[in-house]
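# Summary of structural features
Chain by chain, the residues run as shown.
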Amino acid sequence: MPQRVRFSLNRFAEPTLPDGSPQVRYGVLEGDALFETRTPSSEDKGAAYRMKDVRLLPPCWPSKIVGIGRNYREHASELGNPLPPEPLIFLKPPSSLVAHGDNIIYPTISARVDYEGELGVVIGKRARLVRPQEAESYILGYTCVNDVTARDLQRRDGQFTRGKGFDTFCPVGPWIVPRQEVQFERLRIRTLVNGQLKQDAPVQEMIFPVGAIIAFVTQFMTLEPWDLIATGTPAGVGPLEPGDVVRVEIEGIGVLENKVVRG
Ligand code: MG
C-alpha cells in the first residue's frame, strides 16, 4: 500500500490548511507519481501529478497532537530528569503544524530552540478505552515528527504549552506510511543538523511502547482519526540556529527536512 499525502496545487498555499479548504487534496504516492484520491484513505486513483508540481501539506489534519515526554531513558538523563512512572503527556496545538520543506520560525522571545526527532503515530479510527493488545488496529500509519521546543521557555514556565506550541514547531511528514507496510521493530530515528548526525536510536528503546501510550491516553481522552502522537525523542537533543537545516529520517518511513529562519 503506497504512502498517503495531503497536498495543494497552489505552490504558495498556506503551510497548514484546514481539511475543508478547497485547496486541500489527498493522494497516494507510487514511486514518483502522485495519484489524487477522493478521500484520505480511499483506494480510487484519479488525476496524476508530479511531486515537483505540488505543495506537500502536513499529511494529517489532527484535532490534537499528543506529545510524550521522556520516553527514552538516555534522553531523560541528558536533561537531568527522572524516568516517569507512567507516560508523561502534553499537547501541541494543530496551529504548530507545518509540512516537509516548510520553514521553522525561530521566535524572537526565545534564545534556545531545540530539535527533537520523533516517530509520529497517526490514528485511523475513533479510540476510547483501548486495551494495549488492541491498540495496533487503531493506528492508520506512521510518519516523522520534529517536536521543536523552546527549551528556555519550557523551563521557565514549568509546563510545556508555550515552549512547544509556537506556530511552525511541529513539522510532520512527508507522508503517512500505512502500518501494514511498516516493520516496526526495524525502525530507527536519525536526526541530522546541516548534515551532521545528532540523534540515532532504534524506536524499540522507547520506555512506553505505542500500544501502552494509546491505552494510557484513551483512558481519559478520545482519539479521533488523524490525531497525531509524537512518541518522544531519543538522546542527542540540541540547539538549532537560524539558517540551519534539520532533517528527521526514519528508514522505511521517510525524510522530513525543514529550514530554520529568524522570526
Ligand atoms: Mg518531544
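Below: a short report on this structure. (Residues numbered from 1 in each chain as written. Predicted model: local features only at pLDDT ≥ 70, side-chain atom pairs only at ≥ 80, totals over all residues. Heavy atoms only, no water.)

### A look at the nonpolar core
- Of all hydrophobic cores here, the largest spans 40 residues; its most connected members are Leu-119 and Ile-229.
- Secondary structure elements with two or more residues in this core: β1 (3-8), β6 (65-69), β11 (117-123), β12 (139-146), β14 (170-178), α4 (210-217) and β19 (245-250).
- If you tally residues by element for this core, the top one is α4, at four residues.
- Tyr-26, Leu-97, Val-145 and Trp-226 belong to the second largest nonpolar core, which has 16 residues in total. (Core = buried A, V, L, I, M, F, W, Y, C linked by side-chain atoms within 4.5 Å. Buried < 20%, exposed > 50% of the residue type's maximum accessible area, 1.4 Å probe, protein only. Helix = DSSP H or I, 4+ residues; strand = E, 2+ residues; numbered from the N terminus.)

### Details of the sheet that holds strand β10 (residues 113-115)
- Pairing is antiparallel in the open sheet, where three strands are placed in the order β13-β10-β18. A single partner strand is all that each edge strand has here, and the edge strands are β13 (149-150) and β18 (238-240).
- Taken together, the three bridges between β10 and β18 define a ladder with antiparallel strand orientation. Note on β18: the bridge partner recorded for Tyr-115 is Gly-238. (Pairing = 2+ DSSP bridges.)

### Examining unusual backbone geometry
- Going from Gly-173 to Pro-174, the amide bond is cis rather than trans, its omega being 10 degrees.
- Relative to the helices and strands, Pro-174 is located in strand β14.
- With phi around 50 degrees, Asn-194 is a residue other than glycine that occupies positive phi space.
- As for its placement among the helices and strands, Asn-194 is situated in the loop between β15 (188-193) and β16 (196-202).
- Of note, the phi angle at Trp-226 is positive, near 80 degrees, even though the residue is not glycine.

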